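# Structure at a glance
Chain residues, written in single-letter form:
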Amino acid sequence: MEVIHPKDPAVIIPQDPTITIGTSLTASCSVDPDLNLKVEDLSWTLNGRRLPAELYKILNNTSLSVVLNNLNGSKQQSGDNLVCHGKDGRILAGSCLYVGLPPEKPTNITCWSKNMKDLTCKWLPGSEGETYLHTNYTLKYKLRWYGRDNTCLEYHTMGPYSCHIPKDLALFTPYEIWVEASNRLGSTTSDIITLDILDVVTTDPPSDVHVSRVGDLEDQLSVRWSSPPALKDFLFQDKYQIRYRVEDSTEWKVVDDVGNQTSCRLAGLQPGTVYFVQVRCNPFGIYGSKKAGIWSDWSNPTAASTPRSERITGVCEPKSGEQNSTLRRELKQFFGWVKKHAYGCSNLSIKLYDQWRVWLQKSHKTRNQPRKRTQKRRS
């Protein structure tokens, strides 16, 4: 049995056009003559808003056109709705307008491998990025000197312009990587980058970060952490960075010279203050690679506070003799020298410095205590 489809009451021409931003469009609505509709009763809407009658033009007894000048980008990637209406607002026909720009050349492709088992790449969609049209981005890769083109399949893993290749990657062989962009108005291709997986290895942040006080030292904190376990089976070197900030500040201070230690002493801190501390790792020299590794993300912040200062303010110290003055000056010089060389987590042992600081604080407290016994003796 033959199925007879009902006749459309009207047709809009052009149907679902794609137009560049800033251009104009003339569309016509032609109604079925058998419906006996008056062309004077027809009207147009764009995205639900009625277009002014001065944009209309009667072409004949069954056709009405509308002119849209200097079109802006589509408000939605599925297209703007241009609709022809009959009397009393009845919908007769519709068309989708796709107004936008061709894609720009993708730029700034960067890639990294988590533990040499995968590859993640991200890029920028040209200088502007906004095309107002649905734009497809395809990451392609292949071995540099042989092999076929491969297409990345897991998109948006690290943001809107990213893709993840989970496995089946070769080591010790460079890859060529590029991004293709396309939409209704055209297509373009990025420059090709070349990389070796061994040169773009990163890892997870250091784990088990602990921050603790250093005895009674009011200006120091001890930081220790565990190396990321994922690279333990590979031949590589690692180095670390630490950053810390005061609780009510957004400014971080970075300690660069931690080296490959998994512990560090922060000095020169404020007494009685809460600090947030983070650590990150850079694996480099993997299997002899000469390129620097890629820093991991920072670890989650760990908080600790320095001890409060118990020094009594407003008490004057008694004058000392020449011998005591010389000793104090020498201790001050020793303090400055050790602090200068110990700050920044160098390998210098500061055990003696710690002992001296504790002794200094205790002696300072003793000097500033009220001398009640002396007063009793005098009385």
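A brief look at the structure comes next. (Residues numbered from 1 in each chain as written. Predicted model: local features only at pLDDT ≥ 70, side-chain atom pairs only at ≥ 80, totals over all residues. Heavy atoms only, no water.)

Quick look at the pairing of strand E11 (residues 119-124) now. In this sheet, E11 lies alongside strand E10 (residues 107-114) in antiparallel orientation, the contact comprising 4 bridges. Residue cysteine 111 lies in a different strand from E11, and its bridge partner there is cysteine 121. If you look at the hairpin formed by E10 and E11, you'll find 4 residues sitting between the two strands, and asparagine 115 has a positive phi there, around 70 degrees. Pairing of E11 with strand E15 (residues 162-165) involves 4 bridges; the strand directions are antiparallel. Each residue of the ladder has a partner; that of lysine 122, found in E15, is serine 162. (Pairing = 2+ DSSP bridges. Helix = DSSP H or I, 4+ residues; strand = E, 2+ residues; numbered from the N terminus.)

A covalent bond between the sulfur atoms of two cysteines is what we call a disulfide. The final tally for this structure, using the stated rule, is 3 disulfides. Between the sulfur atoms of cysteine 29 and its disulfide partner cysteine 84 the distance amounts to 2.1 Å. Between cysteine 29 and cysteine 84 the sulfur-sulfur dihedral comes to about -80 degrees; the bridge is accordingly left-handed. With cysteine 29 in strand E3 (residues 25-31) and cysteine 84 in strand E8 (residues 80-85), the pair connects residues that are 55 residues apart, well separated along the chain. In this model cysteine 111 forms its disulfide with cysteine 121; the gap between the sulfur atoms is 2.1 Å. What sets the handedness of the cysteine 111 and cysteine 121 disulfide is the S-S torsion sign, and at about 110 degrees it is right-handed. In this pair, cysteine 111 sits in strand E10 while cysteine 121 sits in strand E11, placing the two residues 10 residues apart along the sequence. (Disulfide = S-S within 2.5 Å.)

To continue, consider the nonpolar core. Residues Trp44, Leu51, Val66, Leu68, Leu82 and Leu97 are the most contacted members of the largest nonpolar core, which totals 23 residues. Within the second largest apolar cluster, 20 residues are counted, among which are Tyr137, Val179, Leu195 and Val200. (Core = buried A, V, L, I, M, F, W, Y, C linked by side-chain atoms within 4.5 Å. Buried < 20%, exposed > 50% of the residue type's maximum accessible area, 1.4 Å probe, protein only.)

Here the focus is the sheet that holds E10. In space, the 5 strands of this open sheet follow the order E14-E15-E11-E10-E19, with mixed pairing throughout. This sheet does not close on itself; its edge strands, each paired only once, are strand E14 (154-155) and strand E19 (201-202). Pairing of E14 with E15, which is carried by 2 bridges, proceeds in the antiparallel orientation. Bridge assignment links tyrosine 155 to a residue of E15, and that residue is cysteine 163.

Turning our eyes to something else, we now look at the pattern of salt bridges. Considering all chains together, one arrives at 3 salt bridges under this definition. With its nearest N and O atoms 2.7 Å apart, the salt bridge here joins lysine 105 to aspartate 191. Highlighted residues: lysine 105 in the loop between strand E9 (91-100) and E10 and aspartate 191 in the loop between strand E17 (186-189) and strand E18 (193-195), separated in sequence by 86 residues. When the shortest N-O distance is used, the salt bridge between lysine 114 and aspartate 204 registers 3.0 Å. Note that lysine 114 is positioned in strand E10 and aspartate 204 in the loop between E19 and strand E20 (207-213), a separation of 90 residues in sequence. (Salt bridge = Lys/Arg side-chain N within 4 Å of Asp/Glu carboxyl O.)

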